[in-house]
Amino acid sequence: MGRLSGKVALVTGAARGIGKGIATELAREGANIVICDLLIDEAARTAGELQDEHEVTVLALEMDVTSEDSIASRVAEAISQMGKIDILVNNAGVPPDNFGADETEEDWDRCYEVNLKGIWKVTSAVAPHFKEQGGGKIVNIASIAGRLGGGMASYSASKAGAISITQSQAAELGRFNINVNAICPGLLWTDLWRQIEGMFAGDHTEEVVDRRERFEAVIAANMPLAREQTPSDIGKAAVFFASDDAMNITGQSLNVDGGMRMN
């Protein structure tokens, strides 16, 4: 039996990338999974894969984390179909469409609405259920960019906010036996990085976004371990925070970044 057998985990943005890695590791430890994503077709495929590979129950729901109505209806549906929610992973996130001095107000609004305000909205919808059942675990996915800053000010600021809101939620919800922690991923070769690669280059053609030269150069220059992180790495950290092994840990932000930033 896994550490999370019998638990139900709702993971936002879990159709692919880091979210899929998190859902996979949670399922490997026995948790039943609710995949919430705007990409419902990809979410359904991921749900089928997880259900087949790990013999857990997986539900795919279309959710927009910027919409309170969408969140409320999907959380209610998840509880109705799965019976409960024990673990919430706020993973949904987006980069800006522009870089550095070219960032626009729309970039700021988009990063704020999804990466930060989305955490608040989804947590606000799930927290009453956690309080009623006597506890729960929340894991917010921030970023090493929230600690280091860089050329994407809107993204970095939203992720710094994710670290801060984790502390606020932990202080507010602790008395209800709700643990709230964050993970700060480093550099992963995902669709998100491919978007960033195209943004850096000003060219989103397949030939450009599939190149790894810039990605590997950043790793070599900045990471003592000199190796990229994977969605599975982030998923394993999420499993730890979601398990009883972390029952007395709250308000913390864990870097999973190959040593890029040492606290």
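Our subject is the structure that appears above.
Residues numbered from 1 in each chain as written. Predicted model: local features only at pLDDT ≥ 70, side-chain atom pairs only at ≥ 80, totals over all residues. Heavy atoms only, no water.

Remarks on the overall build of the chain
Under the convention used in this document: Comment: elements are numbered from the N terminus, with helices defined as DSSP H or I runs of at least four residues and strands as E runs of at least two. Using C-alpha atoms as the atom set, the radius of gyration is obtained and then compared with a globule rule of 2.2 Å times the number of residues to the power 0.38. Burial classification: accessible surface area is computed with a 1.4 Å probe over protein chains only, and a residue below 20% of its type maximum counts as buried, one above 50% as exposed, and the rest as partly exposed. Residue contacts are counted whenever heavy atoms from the two residues lie within 4.5 Å of one another. Here Asp and Glu are counted as negative and Lys and Arg as positive; His is not counted, and neither are the chain ends. In this description, the location of a charge corresponds to atom NZ of lysine, CZ of arginine, CG of aspartate or CD of glutamate.
If you tally the helices and strands in the chain, you get ten helices and seven strands. In terms of overall size, the chain behaves like a compact globule, its C-alpha atoms giving a radius of gyration of 17 Å where 263 residues would be expected to give roughly 18 Å. Based on the C-alpha atoms only, the size of the chain along its principal axes is roughly 50 × 40 × 35 Å. Split into buried and exposed, the 263 residues of the chain put 50% on the buried side. A sequence separation of at least 24 residues applies to 71% of the contacts in the chain between residues at least 6 apart. The chain carries 23 positive and 38 negative side-chain charges, and their two centres are separated by 6 Å.

Here's the deal with the sheet that holds strand S6 (residues 178-185)
Quick note on the threshold: At least two DSSP bridges between two strands are needed for those strands to be called paired. To obtain each axis, a line is fitted to C-alpha atoms, and for helices this fit is confined to the stretch in contact; angles are then taken between N-to-C directions over 0 to 180 degrees.
What the seven strands build is an open sheet, ordered S3-S2-S1-S4-S5-S6-S7; its pairing is parallel. Looking at strand neighbours, the two that pair on one side only are strand S3 (58-62) and strand S7 (253-256), the edges of this open sheet. Going across the sheet, the axis of each strand differs from the next one's by a mean of 20 degrees, ignoring polarity. Along the sheet face, helix H4 (residues 105-133) touches strand S1 (8-12), strand S4 (87-90), strand S5 (136-141) and S6 and points at about 175 degrees away from the line of S4. On top of the sheet, helix H6 (residues 153-173) reaches S5, S6 and S7; it is set at about 165 degrees to S6, its chief contact.

Some thoughts on the packing of H4 against H6
For clarity, the threshold we go by: When describing relative orientation, an angle under 35 degrees is termed roughly parallel and one over 145 degrees roughly antiparallel, while 65 to 115 degrees is termed roughly perpendicular and anything else oblique. Working rule for handedness: look at the near helix, and if it is turned counterclockwise from the far one by less than a right angle, call the crossing left-handed; if clockwise, right-handed. In this count, Pro and Cys sit with the nonpolar residues alongside Ala, Val, Leu, Ile, Met, Phe, Trp and Tyr, while Asp, Glu, Lys and Arg are called charged and the others, Gly among them, polar.
Packing of H4 against H6 brings their axes to within 8 Å, and their N-to-C directions diverge by 20 degrees. Taken together, the axis directions place H4 and H6 in an arrangement best described as roughly parallel. You can see that H4 and H6 cross each other, and the crossing is right-handed. When H4 is examined against H6, the residues Asp 107, Trp 108, Cys 111, Tyr 112, Asn 115, Leu 116, Ile 119, Trp 120, Thr 123, Ala 127 and Lys 131 are found in contact with a partner set consisting of Ala 153, Ser 154, Tyr 155, Ala 157, Ser 158, Lys 159, Gly 161, Ala 162, Ile 165, Gln 169 and Leu 173. Among the residues forming the contact of H4 with H6, the class breakdown is 13 nonpolar, six polar and three charged.

A look at the pairing of S6
Successive residues of a regular strand alternate their side chains across the two faces of the sheet. Most of S6 sits out of view: eight of its eight residues are buried. Here S6 shows a buried face lined by Ile 178, Val 180, Ala 182 and Cys 184 and a second buried face lined by Asn 179, Asn 181, Ile 183 and Pro 185. Of the pairings in the sheet, the one linking S5 to S6 comprises six bridges and is parallel in character. Across the sheet, Ile 141 pairs through a bridge with Ile 183, a residue of S6. As judged from the four bridges shared by S6 and S7, these two strands associate in the parallel manner. Residue pairing across strands places Ile 183 opposite Leu 254, the latter belonging to S7.

A look at H4
Put simply, the rule is: For a helix, the expected span equals 1.5 Å multiplied by the number of residues minus one. A residue's bend is simply the angle between two axes: one fitted to the seven residues ending at it, one to the seven starting at it.
The end-to-end C-alpha separation of H4 is 41 Å, in line with the 42 Å expected for 29 residues at 1.5 Å each. Of all bends in H4, the biggest is about 50 degrees, found at Lys 117. One or two positions beyond H4, positive phi appears at Gly 134, with a value near 95 degrees.

Quick word on unusual backbone geometry
A positive phi is found at Asn 177, a non-glycine position, where the angle reads about 65 degrees. Positionally, Asn 177 belongs in the loop between H6 and S6. Its identity is not glycine, yet Ala 226 carries a phi of approximately 55 degrees, on the positive side.

A look at the environment of Gly 150
Assignment of secondary structure puts Gly 150 in the loop between helix H5 (145-148) and H6. Overall, Gly 150 belongs to the exposed group, its relative accessible area being 62%. Sequence separation of Gly 150 and Gly 235 is 85 residues, and the distance between their C-alpha atoms is 25 Å.

Here's the deal with the pattern of salt bridges
Operational definition: Throughout this description, the term salt bridge denotes a Lys or Arg side-chain nitrogen within 4 Å of a carboxyl oxygen of Asp or Glu.
Under the criterion given, the structure shown has eight salt bridges. Put simply, Lys 117 and Glu 113 hold a salt bridge, and the shortest N to O gap is 3.8 Å. One end of the pair, Lys 117, and the other, Glu 113, are both in helix H4, four residues apart, so they sit about a helical turn from each other. Classification of Lys 117 by relative accessible area gives partly exposed; the value is 23%. Looking at Glu 113, the relative accessible area reads 25%, which means it is partly exposed. Connected through shared salt-bridge partners, Arg 3, Glu 29 and Asp 245 make up one network.

A word on the environment of Gly 83
When you line up the elements, Gly 83 lands in the loop between helix H3 (68-82) and S4. Since its relative accessible area comes to 54%, Gly 83 is described here as exposed. Between the C-alpha atom of Gly 83 and that of Gly 134, which follows or precedes it by 51 residues, the distance is 15 Å.

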